[in-house]
Amino acid sequence: MRQRTRKLIGTVAMLVFVVLYALLVMVLAQPILNGASHLVQGLFYLIAGLAWVLPIIPLISWMSKADMPRV
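Below you will find a few notes about this structure. Predicted model only: the values in this text are computed from it and were never measured. In this numbering scheme, every chain counts its residues from 1 along its sequence in written order. The predicted nature of this model means local features are confined to residues of pLDDT at least 70 and side-chain atom pairs, given and counted, to a pLDDT of 80 or more, with totals for whole chains, interfaces and linings taken over all residues. Side-chain numbers come from the whole structure's heavy atoms, not from hydrogens or water.

Describing the packing of aromatic side chains
Consideration 1: Classification of ring pairs rests on two measures: the distance between centres of Phe, Tyr or Trp rings, Trp counted by its six-membered ring, which must be within 6.5 Å, and the angle between planes, read as stacked under 30 degrees, edge-to-face over 60 and tilted in between. This model, assessed by the stated rule, comprises two aromatic pairs.
Consideration 2: Taken together, a centroid distance of 5.9 Å and an interplanar angle of 25° make the contact between F17 and Y21 stacked. Here Y21 and F17 lie together in helix α1 (residues 3-32), a separation of four residues that amounts to about one turn.
Consideration 3: On the basis of relative accessibility, which here comes to 28%, the residue F17 falls in the partly exposed class.
Consideration 4: For every residue, the accessible area (1.4 Å probe, protein chains only) is compared with the maximum for its type, and the residue is labelled buried under 20%, exposed over 50%, or partly exposed between those bounds. For Y21, a relative accessible area of 19% translates into the label buried.
Consideration 5: Residues F44 and Y45 carry aromatic rings whose centres are separated by 5.3 Å and whose planes lie at 80° to one another, so their mutual orientation is edge-to-face.
Consideration 6: Overall, F44 belongs to the partly exposed group, its relative accessible area being 21%.
Consideration 7: Y45 gets classed as partly exposed once you look at its relative accessible area, which sits at 45%. Helix numbers and strand numbers start at the N terminus; a helix is a DSSP run of H or I with at least 4 residues, a strand a run of E with at least 2.

By themselves these figures say nothing about function.
What follows is the structure, given as structure tokens:
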């Protein structure tokens, strides 16, 4: 598979993942943060806002692999 194709597939996958991840965090935040202090809410959103990067790293490395040379 060419790098160009991998980047297209990876970009669509990342967009879908980020949207679904954001919806999941919003759903989970309601019961978890109900009545929590502003500090706890801030820490939750800070961690949740950065946590989506970890599952995306393998996808980004797959997308950026160089094309195999043609013979």
